[in-house]
Amino acid sequence: MSNITIVGGGLVGSLLAIFLAKRGHNVSVFERRGDPRTTDVYAGRSINLVVSHRGWTSLRAAGVEEAVKEIVVPVYARMMHDRDGKLNRVPYSIDNRAIHSVSRGELNRRLLTEAEKLPNVKLHFNHRCADVHLDNATCTFHNDITGESAPVKADIVFGSDGAFSAVRQKMMQGRFTYSQEYIEHDYKEVAFPANPDGTPKMDPQCLHIWPRRYFMMMGLANQDGGFTGTLFMPNTSATVIPEAGRSKIVGPGHPESPQSIPGFDTVKTEAQVKAFFQEHFADSMTIVPDIVEQYLRNPQSSLAIIRCNPWTINGKVALIGDAAHAIIPFYGEGMNAGYEDCKVLNDLLNELGDDNWPAVLAAYGKARKPNGDAIADLSLRNFVEMRDLVADPKFLLRKKIEGHLQAKHPDQWLPLYSQVKFSDIQYKDAWREGLRHDRIMEEVLAMPGIEEKWESEEVERRVMELVSIAP
Ligand SMILES: Cc1cc2nc3c(=O)[nH]c(=O)nc-3n(C[C@H](O)[C@H](O)[C@H](O)COP(=O)(O)OP(=O)(O)OC[C@H]3O[C@@H](n4cnc5c(N)ncnc54)[C@H](O)[C@@H]3O)c2cc1C
């Protein structure tokens with residue numbers, strides 16, 4: 001059995017510890033922050049997350065599905081809020097399947113408790129990884145309470161220390177490919193309260209979206225009847241040009257008769273914030289009476305996509321979760337992808353053996369890197385879909401056609417969203433299939449009179465023809 005160091009006891013590190021300890025390895029988790037079960041490390045950040053099918057597959061494989069089920073809220077549909085407060089509910093699947101909302105802090109606490117039940121897991125909080133020797137799997141940890149630093153030698157090191165990973169930083173000193181891309185949109189959270197009697201003010205079984213083409217707000221239910229709202233908006237006020245259903249952001253004063261959009265830089269003063277919510281999200285102001293104060297008080301955070309290669313080095317050190325693939329949150333898959341990393345690693349240990357780490361880590365990197373890239377691309381695509389296309393009648397028609405096709409030909413048509421959220425299909429295969437669906441749907445939506453005949457046999461025949469020939 002191996003001695004394993006896990007750097008980072010967040011969402012992925014805590015699940016990885018469970019997987020590896022259940023195989024009999026001695027696992028030590030070193031987490032920079034304090035213990036979230038005894039200190040309020042999540043204070044001021046109420047983010048909740050969506051667990052999807054592949055997340056559940058991994059939690060089940062680790063034997064912790066039931067522990068997590070107790071703390072989730074099922075979400076069956078998107079609920080779109082238009083500017084006049086009119087609602088439009090669009091189910092996520094034709095067979096009433098749900099994704100599940102969970103508090104980030106609560107999930108982390110549960111998994112740490114499950115990990116700690118295993119006698120061969122040791123959790124070390126307030127320990128920051130300051131250095132890693134990649135050739136002998138030795139990390140130096142700085143204890144933020146005592147001020148002391150000490151080396152810890154292991155057989156294997158996993159860097160599950162998030163988007164700004166110290167382990168990855170060390171790997172970058174060698175032959176390493178890396179890219180970090182900030183998108184133009186930042187985000188800010190606001191808490192939507194429950195009614196005084198604890199009942200929710202909106203349907204908790206829906207992900208609420210206020211799509212405003214170039215910016216948007218969303219709300220995801222918490223177990224206490226409230227919601228976490230997240231406003232996504234460009235950092236810098238810009239002008240945009242609609243471009244074939246997509247948006248291109250250009251600088252102010254662009255000659256192509258652009259339309260102005262707000263940014264965090266122009267929505268700053270109390271008066272500006274109030275006018276902004278009144279114009280774009282009026283219905284939210286009745287649900288969240290202090291939305292303006294919260295906006296002014298809460299921090300603004302940025303979103304980056306990080307890609308790197310390789311994910312493993314020397315057969316001893318590996319990156320996992322956001323440390324390997326930080327993505328933007330618009331498919332709600334970052335954590336789910338990290339959980340799938342853990343399950344794939346566990347499957348490879350089953351296949352190749354627990355004493356064959358170099359082969360296991362090489363196979364892990366090879367299997368997961370293309371999927372990390374694919375979910376990064378899929379998330380960018382879903383960003384456009386959520387803020388922009390969900391309000392587009394053509395997009396809604398496409399969703400209806402796809403639902404109809406799936407009902408009639410479940411073996412031949414699984415919409416991209418279902419492939420990502422409700423299946424274990426590899427992200428890279430889902431991405432390729434999604435692009436093929438785009439090509440087919442482009443032809444179908446161009447059929448004369450499609451708005452009236454979308455349920456007809458003619459349309460169905462044409463789609464099946466295209467399915468059989470489209471590359
Ligand atoms: C607004 C938003 C919404 C999201 N929604 C979803 C969603 O709905 N579904 C989903 O699947 N994903 C979602 N994500 C993504 C998800 O949060 C991440 O993918 C997930 O947190 C990654 O887990 P991780 O353990 O790899 O990294 P983190 O959660 O970042 O954990 C890393 C841990 O390492 C610790 N650490 C860092 N540096 C060191 C060091 N030097 N030494 C020791 N410890 C260290 C940190 O303190 C932290 O505890 C969302 C992200 C954002 C920003």
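The residue count restarts for each chain, going from 1 along the sequence in the order it is written. In keeping with the predicted nature of the model, local features appear solely for residues at pLDDT of at least 70, side-chain atom pairs appear and are counted solely at 80 or more, and the whole-chain, interface and lining totals rest on all residues. Calculated side-chain values reflect all of the structure's heavy atoms, with hydrogen atoms and water omitted.

Novice: Where do I start with the site of the ligand in this structure?
Specialist: The rule for a residue being near a molecule or strand is that one of its heavy atoms must lie within 4 Å of it. Around the ligand, a shell composed of 28 residues is seen, among which Glu31, Val50, Arg104, Cys129 and Asp322 lie nearest. Any pair of nitrogen or oxygen atoms within 3.5 Å is treated as a polar contact; in protein, a donor-acceptor pairing is required on top of that, and neighbouring residues in sequence qualify only through side-chain atoms on both sides. Here an oxygen atom of the ligand sits 3.3 Å away from a polar atom, N or O, in the main chain of Leu11. Within the contact set of the ligand, a nitrogen atom lies 2.9 Å away from a backbone nitrogen or oxygen of Gly332. For every accessible area listed, the method is Shrake-Rupley and the probe measures 1.4 Å; residues are considered covered only by the protein chains on display. Compared with its free state, where it exposes 1,000 Å², the ligand has 89% of that area covered by protein. Sorting the residues of the shell around the ligand by element identifies helix H1 (11-22), strand E3 (48-51), strand E9 (127-133) and helix H9 (334-352) as the ones contributing at least two each. A breakdown of the residues in the shell around the ligand according to their chemical character gives 11 nonpolar, nine polar and eight charged. Strands are runs of DSSP state E lasting at least two residues, helices are runs of H or I lasting at least four, and both sets are numbered from the N terminus onward. Any residue that is not Ala, Val, Leu, Ile, Met, Phe, Trp, Tyr, Cys, Pro, Asp, Glu, Lys or Arg is counted as polar, Gly included; the first ten are nonpolar and the last four charged.

Novice: Please clarify how H1 should be interpreted in this entry.
Specialist: The α-helix winds at 3.6 residues per turn, so residues separated by three or four positions along the chain end up facing the same way. With 12 residues, H1 extends 17 Å from end C-alpha to end C-alpha; this agrees with the ideal 16 Å at 1.5 Å per step. Of all the 12 residues making up H1, 11 are buried; the element is thus mostly covered by neighbouring parts of the structure. Relative accessibility under 20% of the residue-type maximum defines a buried residue, over 50% an exposed one, and the middle range a partly exposed one, all with a 1.4 Å probe and only protein chains included. Taken together, the buried positions of H1 are Leu11, Val12, Gly13, Ser14, Leu15, Leu16, Ala17, Ile18, Phe19, Leu20 and Ala21. Where H1 ends, the next residue or the one after it, Gly24, has phi of about 105°, a positive value. How far a helix is expected to stretch is found by multiplying one less than its residue total by 1.5 Å.

Novice: When you look at the pattern of salt bridges in this model, what are you seeing that I'm missing?
Specialist: Side-chain pairs of opposite charge can arise whenever the charged atoms involved come near each other. Counted as salt bridges are all cases of a side-chain nitrogen of Lys or Arg within 4 Å of a carboxyl oxygen of Asp or Glu. On inspection of all chains with the given rule, the structure shows 31 salt bridges. Salt bridges sharing partners connect three or more residues here, namely Arg54, Glu333, Glu340, Asp341, Arg368 and Lys421.

Novice: Whenever I open this one, the environment of Asp197 confuses me. Can you help?
Specialist: Note on placement: Asp197 falls in the loop between strand E13 (177-192) and strand E14 (206-211). Here Asp197 falls in the exposed class, since its relative accessible area comes to 59%. Residues Asp197 and Gly225 lie 28 residues apart in sequence; the distance between their C-alpha atoms is 9.4 Å. Engagement of the side chain of Asp197 in a polar contact is seen with the side chain of Thr199, the distance being 2.6 Å.

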